[in-house]
Amino acid sequence: MKIDKDQVENIAKLSRIRLTELEREMFVHQLNNILFYIEKLNKLDTENVAPMAYTSDVSNVFREDKLKPSIPLQDVLINAPATKSGFFKVPKVIE
Amino acid sequence: MTYEVVIGLETHAELATITKLFCGCSTKFGVEPNTQVCPVCLAMPGVLPVMNKKAFEYALKAAIALNCKIDEFTNFDRKSYYYPDLPKNYQISQNYHNMGIDGYMDISVNGTISRIRIHNVHLEEEAGKLIHPEEVGADYSLVDFNRAGVPLLEIVSYPDMRRVDEVESYMQTLRKILLYTEVSDCKMQEGSLRFEASISLRKKGVDRLGNRVEIKNLNSMKSVLKAIEYETMRQRDVLDRGETVDRETRLWDEVNEKSARMRSKEESQDYRYFPEPDLLPVLIDEKWLRAIKDTIPELPLIRRQRFIETFALSDYDASLLIDEKILADFFEECVKILNRPKSFCNWITNDLLREVKDRKLDIYHLKIKPKQLAALVEIIEKGTISSTIAKEVFSEMIQTGKDPKTVVEEKKLVQISDEGLIEEIIIKIISSNPDAIEDYKKGKKNALTFLVGQVMKETKGKANPKIVNEMLMKKVGV
Ligand SMILES: [Zn+2]
């Protein structure tokens, strides 16, 4: 598998970042290097190995359905670039 | 051209936990914006989610109640997308190992049972709420994260429905199951139960499904049905013109009763699902599964059938009773005390429901108790009060929670069966209504009804109507 400029552009779009032409080229190169490395691993026979998503054997970690205090409104909004009457204010979104 | 309409539904139900899915913030509805949030549900850097056990068990319970296959291994996945109501920029959901798969739910349409297959049931977190100001030219939206992180159950059906009456029954039955299992309060007006429909048309006899259109923004069961009818007509027109239906997502406009394109399949999102590394998997053993199973009560359709068979109720009456679990429970309590199912059914489905509606009572906190209704039915049978008076007594009981005997004594409502007393009143009524007697003798039968009415009026409805009737007939000489 090889990454091309269009794929880099698509990833940038999904990540909401803007890339310059130079950066695009740089990332094509870097990502392909990473994939090249992964390709080596692909040579291993993993047919009878289940995909592993977790490195520890621990499972079933829960909390009880018990209330904990929330945080004060002023702390909630403290980092917000814009607020209005207790709400976060964001650029208009209509889908 | 005749087409077959193929309909599937996606249902979202907020689970009835006190706290959110991954943090201890309250799930209470209708509070001031952003007052039920914390670093976890606001997605501050470095925070970690911890699963609410009750939410997990509720989701499991629903999956079992919907006859799903439950895998012993389950975990959670990240679904990535950007939207201002989603603080982490991904939603924790289930994609590769759902809570349950390949289930089914039986629905009843006009007495015919059909089986709708359930594709999967999974647990995920709710998004925040966006508010779009109505002021003209407003260039902003407002975000409230109180709802963000509330546990949400998603139930995906197979496209097994063909008609709107099936869709309606599916929604009603599913709502009842969620209420019976007590996993959700299903308040549609608060958004705790929401539906999305997918619709496609195909020529009769053709196997392959047509292009599917998803409809969002359906705020009530009524709008689901309206949107399906609209979409069926729209697609039929497209196909009749020889064109193809675009695979797309459309938004329902409740005011204008039509839908508009939201996004096409080409623009559809790439969610890049992958296993959530911040949560550990959950293993479900037989013992746990059985313990959850044991908490599932008899489900509505089965209960309805039992009511019809055991208590000889009509399909209609039984359906009314099982509609609300609390009413069906009330009914069964009454029958346990006194074996008069038909009578209790009438009291509950007529008088009780009317009083509840007229006086805006909360059926979950009724003052009247089953043993009191049983006592009322008992004193009617004994003849202590007439059935007309009983209605008055019942109304007082439901408002105050008093025993029927207390109400009867306080209001002096005991039925008059003393023949001497009734005779006195009859003589009085006859002498003051000579015209009616004449009419009756001329053959006007309803003159007698009039006289009975006069006696009842004189006794404020307390005279035993049977005795009044008999004595009057004797007096006027029949
Ligand atoms: Zn929180």
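Enquirer: For the packing of helix α14 (residues 446-458) of chain B against helix α15 (residues 465-475) of chain B, give the residues involved together with the corresponding values.
Expert: Residue and element names in this part refer to chain B. Packing of α14 against α15 brings their axes to within 10 Å, and their N-to-C directions diverge by 130°. The orientation of α14 with respect to α15, classified from their angle, is oblique. Two packed elements cross with a definite hand, and for α14 against α15 that hand is right-handed. Contact with α14, carried on its side by L448, L451, V452, V455 and M456, involves P465, V468, N469, L472 and M473 of α15 and no other residues of that element.

Enquirer: Tell me about the coordination of the zinc ion, and please be specific about residues and values.
Expert: Residues and elements named next belong to chain B. Only C23 (SG), C25 (SG), C38 (SG) and C41 (SG) from the protein reach the zinc ion as donors, at distances of 2.3 to 2.4 Å. Angles of 99 to 115° at the metal separate the 4 donor atoms of the zinc ion, which places the site in the tetrahedral class. Donor residues for the zinc ion, ordered by position in the chain, follow C-x1-C-x12-C-x2-C. Residue C23 is found in the loop between β1 (3-14) and β2 (51-52), and its partner C38 is found in the loop between β1 and β2; the two are separated by 15 residues along the sequence. Of the residues examined, C23 reaches a relative accessible area of 5% and is grouped as buried. You can call C38 buried: its relative accessible area is 9%.

Enquirer: Any chance you could break down the side chain of S395 of chain B for me, citing the residues and the numbers?
Expert: Note that S395 of chain B resides in helix α10 (residues 387-400). S395 of chain B sits in the buried class, given a relative accessible area of 12%.

Enquirer: I'd love a proper account of helix α2 (residues 164-180) of chain B, names of residues and values included.
Expert: A turn of α-helix holds 3.6 residues, and therefore any two residues three or four places apart point the same way. Residues and elements named next belong to chain B. Its 17 residues place the ends of α2 24 Å apart at the C-alpha level, agreeing with the 24 Å of an ideal helix rising 1.5 Å per residue. Taken across its 17 residues, α2 has 12 buried, putting it largely inside the fold. If you check which residues of α2 are buried, you get E166, V167, S169, Y170, M171, T173, L174, K176, I177, L178, L179 and Y180. One or two steps after α2, the chain reaches E182, where phi turns positive at roughly 60°.

Enquirer: Kindly report on the confidence of the model for chain A, identifying the contributing residues and their values.
Expert: Within chain A, residue pLDDT values average 92, and 99% of them lie at 70 or more. Here helix α1 (residues 5-14) of chain A stands out as the element of chain A with the lowest mean pLDDT, 91, in contrast to strand β1 (residues 62-63) of chain A, whose mean of 98 is the highest.

Enquirer: Help me get a handle on the nonpolar core, residues and values and all.
Expert: Nonpolar side chains in soluble globular proteins tend to be buried together. Residues and elements named next belong to chain B. Formed by 106 residues in total, the largest nonpolar core has its most connected members in F56, Y170, L178, F331 and L376. Of the residues forming this core, the biggest block, 9 residues, is contributed by helix α1 (residues 53-65). One finds I437, Y440, M456 and V468 within the second-largest nonpolar core, a separate group that totals 20 residues.

Enquirer: Give me the interface of chain A and chain B: which residues, what numbers.
Expert: Contact residues are listed per partner, giving 34 residues for chain A and 55 residues for chain B. Applying the counting criterion to the chain A and chain B interface returns 0 salt bridges. Inspection of the region where chain A meets chain B yields 22 residue pairs in polar contact (both at pLDDT 80 or more). If you list the elements that add at least two residues to the side of chain A that touches chain B, you get β1, α3 (73-76) and β3 (87-91) of chain A. The leading source of residues in the side of chain A that touches chain B is β3 of chain A, at 5 residues. Of the residues belonging to the side of chain A that touches chain B, the class tally is 17 nonpolar, 7 polar and 10 charged.

Enquirer: Just give me the short version of the packing of aromatic side chains, but keep the residues and values in it.
Expert: Evaluation of the coordinates by the stated rule reveals 12 aromatic pairs over all chains. Between F307 of chain B and F331 of chain B, the ring centres sit 5.1 Å apart and the planes meet at 55°, which makes this aromatic pair tilted. Taken together, the residues F307 of chain B in helix α5 (residues 300-311) and F331 of chain B in helix α7 (residues 325-337) connect sequence positions 24 residues apart. On the basis of relative accessibility, which here comes to 0%, the residue F331 of chain B falls in the buried class. Plain terms: the ring middles of W347 of chain B and F394 of chain B are 5.1 Å apart, the flat faces sit at 35° to each other, and that makes the pair tilted. Of this pair, W347 of chain B sits in helix α8 (residues 341-358) while F394 of chain B sits in helix α10, and the two are 47 residues apart along the sequence. For the pair shown, W347 of chain B and F394 of chain B are each scored as buried. Taken together, the ring pairs in this structure connect F62 of chain A together with F56, F76 and W288 of chain B into an aromatic cluster. In this structure, K79 of chain B is placed above the aromatic ring of Y271 of chain B, and the distance from its NZ or CZ to the ring centre is 4.4 Å.

Enquirer: Report on the side chain of T181 of chain B, specifying residues and quantitative values.
Expert: Residue and element names in this part refer to chain B. With respect to the element layout, T181 can be found in the loop between α2 and β11 (193-203). T181 gets classed as buried once you look at its relative accessible area, which sits at 0%. Aside from chain neighbours lying at most four places away, what touches T181 is K61, A65, I296, P297 and L299.

Enquirer: Lay out a negative patch on the surface with the relevant residues and their values.
Expert: All names here are of chain B. On the surface, a cluster of negative charge is made up of D71, E72, D285 and E286. Mapped onto the elements, E72 comes out in the loop between α1 and β3 (73-74). Accessibility expressed as a relative area gives 60% for E72, which makes it exposed.

Enquirer: Please provide a residue-by-residue account of the domain arrangement of chain B, values included.
Expert: Per the domain assignment, the segments of chain B are domain 1 (3-290), domain 2 (300-410) and domain 3 (419-475). Once you take the C-alpha centre of each, domain 1 of chain B and domain 3 of chain B turn out to be 66 Å apart.

Enquirer: Could you give an account of the pairing of strand β4 (residues 77-80) of chain B, naming the residues involved and the relevant values?
Expert: Side-chain direction in a regular strand flips from residue to residue, so the side chains alternate between the two faces of the sheet. Residue and element names in this part refer to chain B. With burial as the criterion, each face of β4 is covered, one bearing D77 and K79 and the other bearing R78 and S80. As paired elements, β4 and strand β5 (residues 90-93) share 4 bridges and run antiparallel to each other. Bridge pairing links D77 to S93 in β5. Two elements, β4 and strand β15 (residues 274-275), share 2 bridges in a ladder whose sense is antiparallel. The residue of β15 that forms the bridge with R78 is F274.

Enquirer: Tell me about a nonpolar patch on the surface, and please be specific about residues and values.
Expert: A cluster of nonpolar side chains, I34, Y37, I38, L41 and L44 of chain A, forms an exposed patch at the surface whose accessible area comes to about 520 Å². As for its position among the elements, I34 of chain A is in helix α2 (residues 21-42).

Enquirer: Got a sec to walk through unusual backbone geometry? Specific residues and values, please.
Expert: Most peptide bonds take the trans configuration, and most residues that are not glycine carry a negative phi. All names here are of chain B. One non-glycine residue, E182, lies in the positive phi region at around 60°. Inspection of the secondary structure puts E182 in the loop between α2 and β11. In the Ramachandran plot, E257 falls in the positive-phi region, its phi being about 50° despite a non-glycine side chain.

Definitions and limits used
- Residues numbered from 1 in each chain as written.
- Chains lettered and ligands numbered in written order.
- Predicted model: local features only at pLDDT ≥ 70, side-chain atom pairs only at ≥ 80, totals over all residues.
- Heavy atoms only, no water.
- Axes fitted to C-alpha atoms, helices over the stretch in contact; angles between N-to-C directions.
- Helix = DSSP H or I, 4+ residues; strand = E, 2+ residues; numbered from the N terminus.
- Parallel < 35°, antiparallel > 145°, perpendicular 65-115°, else oblique.
- Left-handed = near helix turned anticlockwise from the far one by under 90°.
- Contact = heavy atoms within 4.5 Å.
- Donors = N, O, S within 2.8 Å, 3.2 Å for Na, K, Ca; no water.
- Tetrahedral: all angles 85-135°; square planar, octahedral: opposite > 155°, others 65-115°.
- Buried < 20%, exposed > 50% of the residue type's maximum accessible area, 1.4 Å probe, protein only.
- Expected span 1.5 Å × (residues − 1).
- pLDDT = per-residue confidence, 0-100.
- Core = buried A, V, L, I, M, F, W, Y, C linked by side-chain atoms within 4.5 Å.
- Salt bridge = Lys/Arg side-chain N within 4 Å of Asp/Glu carboxyl O.
- Polar contact = N/O pair within 3.5 Å; in protein donor to acceptor, adjacent residues only side chain to side chain.
- Nonpolar A, V, L, I, M, F, W, Y, C, P; charged D, E, K, R; others polar.
- Phe/Tyr/Trp six-rings, centres within 6.5 Å; stacked < 30°, edge-to-face > 60°.
- Lys NZ or Arg CZ within 6 Å of the ring centre and 35° of its normal.
- Patch = residues over 30% accessible without salt bridge, like charges linked within 9 Å, V, L, I, M, F, W, Y side chains within 5 Å.
- Areas by Shrake-Rupley, 256 points an atom, 1.4 Å probe, with all protein chains shown as cover.
- Lys, Arg positive; Asp, Glu negative; His and termini not counted.
- Charge placed at Lys NZ, Arg CZ, Asp CG, Glu CD.
- Domains from an automatic or database assignment.
- Pairing = 2+ DSSP bridges.

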